[in-house]
Amino acid sequence: MNQQSDRTRIPDQVRLPLSVAFGVVIQGLRIRIGRSVVTITGVTCGIAFLMSILTGQLVKMGVTDEDATRAEVGRVISFVRSDLPKLQDKSISVVGSGTLSEVETRVLETISRDFGIASLSFEQGKSPALPRKASAAVSAAASAPSASVANADVVFLMGGSDIPRQDWKPFLDGDLNRVIASTILEADASTVGIAEERFAKLARVLTEEELAKIEKNKRKERFRAIWIGVISLLVTVIGITNAMLMSVTERFREIGTMKCLGALSSFVTRMFVMEASLMGLVGGIAGAIFGALFAIIIYTFTYGANLVFSSLPMVSVLIFGLLSVAAGVVLSVVAALYPARVAASMVPATALRSTI
Amino acid sequence: MQNLDRKKFDALFEKPAGDEKSVIIRGVDIHKVYKMGKQETHALRGATLDVYRGEYLSIMGPSGSGKSTLFNAIGALQKPTSGRVYIDQVDIAQLDTEELAWLRCRKIGYVFQSYNLIQVMTCLENVTLPMSFAGLSSEEAREKGIKILKMVGLGHRILHKPAELSGGQQQRVAVARALANSPDIILADEPTANLDQHTGQEIIELFQQLQRDLGVTIISATHDTKMLKASDRILWIEDGRIVKCARPEEIDFTSSEFGH
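Residues numbered from 1 in each chain as written. Chains lettered and ligands numbered in written order. Predicted model: local features only at pLDDT ≥ 70, side-chain atom pairs only at ≥ 80, totals over all residues.

Details of helix α9 (residues 252-260) of chain A
Then, number 1: A large share of α9(A) lies buried, amounting to eight of its nine residues.
Then, number 2: Buried residues of α9(A): F252(A), E254(A), I255(A), G256(A), T257(A), M258(A), K259(A) and C260(A), and no others.
Then, number 3: Of the surrounding elements, those touching the buried residues of α9(A) are α8 (208-249), α10 (265-303), α12 (314-344) and α13 (348-353) of chain A together with α3 (97-106) and β6 (108-111) of chain B.
Then, number 4: One or two positions beyond α9(A), positive phi appears at G262(A), with a value near 105°. (Buried ≥ 20, exposed ≤ 12 C-beta atoms within 10 Å, placed from the backbone. Helix = DSSP H or I, 4+ residues; strand = E, 2+ residues; numbered from the N terminus. Contact = placed C-beta atoms within 7 Å.)

Shown next, in the form of structure tokens:
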């Protein structure tokens, strides 16, 4: 028919730039502030729930690790006290290699605080990251040559699996009361090359049973964490979807009106996606902060502030926080996309008829 | 219709000799079927009508007669199941959604029974919204919006929200919004049904003024006698068909049909 002339007579509707949609969205959010706050609160609750569960898991895992570390440090220190009497009168020297484990660092810290360390030397120039107290105590000794070992009464061997190779004979022969103690797992009298009675082994070798138990606990804990994470994510998805569905469907009439006035479907969809992502962002940030604070406060009551704050890995909390915010934005957009598209593709007459 | 050549098609819209009128909307054998599950409802069963440029046409009919469906079909708000609707000689069935959006934006202004103003926006924003859809800059739109609102007598209320206005004032804002992009046609679906006698009369006068001063074609679905009296032509729709066409002076408004 006269299709050709039709096409030339009716041009395509103007595609509005993104900034116009953004302006309409901002204005819409500002004007319907009450409704926006309700929707954002929905997102906030979902994300806060997710974040509190995640942070809670971090706190619990941190506290468990911290408990184990503290127990081990306590064991080593009590062993040191009972096996190496009158340590406070003795000159202590530490010879290390590699990096110190958490337990070793704390043992070193405790020894330095309680008894004082005369000299500290590390192989391959690697200086351990010492806690402030300990490093202050040994700062003078650290620069001293390893020859100062010769004047020590007790030598602690610490660090990685590399046992410091040294001829201990001159040291041990200098005084018959001199001993070597080690927190290195692999070190014992024969590997160090000295007599059994001059060596104190501080590290504890775990039995197979203990190892299996730890492994089993870890597996159980990991499974629990995943399970709780999935469930809480599901709850969050449902909460956010509900909030977004409501916020879109209650505006079907408005969308119909806009389409009567010449709005394109793509404009309507874009508007809702923008609105959803903005609300998701605000709700996500608020939710992540509230969730983390809530979990930390609750666990502070259970475990005490000291334990919680010393064991909480802040970097992990931050990463989980960012992930939660991202989840908030993505879930909001996904949840709003479907109803927005349905609304946008509606025949204006149908959208106008809907009464919600 | 498919096989009709261009010449014959154009001839359809040519003015008959001695007739000053030109057709702006032509509906040919419009059918509309709504499907509710397995049940089919025939809202329109072959309605055919011409609307002339610059006239004030009222469509009348009992509820359920297909009045609103016809209104939606000739207003490009809903495509008919079969039959053709030409708006300004353009077959709307041939248009895609973007072209339809353009058409709704510039050719037609809509006024609804329940105003359908966007509640969260001020009067001015409601009026300038279609202008921004047409690509006008916000300053131009603002200027034009204020001018139109002054024309409908709401110059002092431009920054009020619809909820702060009376029904009559809200309907004036809706009329102003319909006029935003200087359309050729205004479609009004029961524009006075929610208004009292006095404010209804004001809206009718506003329509008459628009028809007179701007040469806008006004089509309204209504059974308000005052509105019928004010129009140039009245179409009766019954059971999905146009059954009668008359001028108001030919009609006895005291008959039982008008509830007297």
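A closer look at the interface of chain A and chain B
Then, number 1: Counting residues at the interface gives 27 residues for chain A, matched by 30 residues for chain B.
Then, number 2: Among the secondary structure elements, those contributing two or more residues to the side of chain A that touches chain B are α1 (3-9), α2 (18-31), α9 and α13 of chain A.
Then, number 3: Sort the elements by how many residues they give to the side of chain A that touches chain B and α9(A) lands first, with four residues.
Then, number 4: Residues belonging to the side of chain A that touches chain B are distributed by class as follows: 14 nonpolar, seven polar and six charged. (Nonpolar A, V, L, I, M, F, W, Y, C, P; charged D, E, K, R; others polar.)

Quick look at the domain arrangement of chain B
Residues and elements named next belong to chain B.
Then, number 1: Partitioning chain B into domains gives domain 1 (20-107 + 184-249) and domain 2 (116-182).
Then, number 2: Taking the mean C-alpha position of each, domain 1 and domain 2 sit 23 Å from one another.
Then, number 3: If you list the elements that add at least two residues to the side of domain 1 that touches domain 2, you get α3 and α7 (197-214).
Then, number 4: A class-by-class count of the residues in the side of domain 1 that touches domain 2 yields six nonpolar, two polar and two charged. (Domains from an automatic or database assignment.)

Some points on unusual backbone geometry
Residues and elements named next belong to chain B.
Then, number 1: A positive phi is found at D88, a non-glycine position, where the angle reads about 55°.
Then, number 2: Within the secondary structure, D88 sits in the loop between β4 (82-87) and β5 (90-91).
Then, number 3: Positioned with a positive phi, Q89 is a non-glycine residue whose angle comes to about 70°.
Then, number 4: Positionally, Q89 belongs in the loop between β4 and β5.

Brief notes about the sheet that holds strand β10 (residues 241-246) of chain B
Residue and element names in this part refer to chain B.
Then, number 1: Overall, mixed pairing links the six strands, which are arranged β6-β7-β8-β3-β9-β10 in an open sheet. On the outer flanks of this sheet lie β6 and β10, each paired with one strand and no other. The average angle at which neighbouring strand axes cross in this sheet is 20°, direction not considered.
Then, number 2: When strand β3 (residues 56-60) meets strand β8 (residues 217-221), the two strands line up parallel, connected through four bridges. Bridge pairing links I59 to A221 in β8.
Then, number 3: Here helix α6 (residues 167-178) sits on the sheet and contacts β6 and β7 (185-189); the angle it forms with β6, its principal contact strand, is near 165°. (Pairing = 2+ DSSP bridges. Axes fitted to C-alpha atoms, helices over the stretch in contact; angles between N-to-C directions.)

Structural notes on α6(B)
Then, number 1: For α6(B), built from 12 residues, the straight-helix expectation of 16 Å at 1.5 Å per residue is met to within 8% by its first-to-last C-alpha distance of 16 Å.
Then, number 2: Counting buried positions along α6(B) yields 10 of 12 residues, so the element is predominantly enclosed. (Expected span 1.5 Å × (residues − 1).)

Structural notes on the nonpolar core
Then, number 1: Counting residues in hydrophobic clusters, the biggest one holds 132 residues, and the most contacted among them are V268(A), I59(B), A176(B) and I186(B).
Then, number 2: Not counting residues up to four positions away in its chain, the partners in contact with I186(B) are G109(B), V111(B), A178(B), L210(B), V216(B) and I218(B).
Then, number 3: One finds I117(A), V155(A), F156(A) and F199(A) within the second-largest nonpolar core, a separate group that totals 26 residues. (Core = buried A, V, L, I, M, F, W, Y, C linked by C-beta atoms within 7 Å.)

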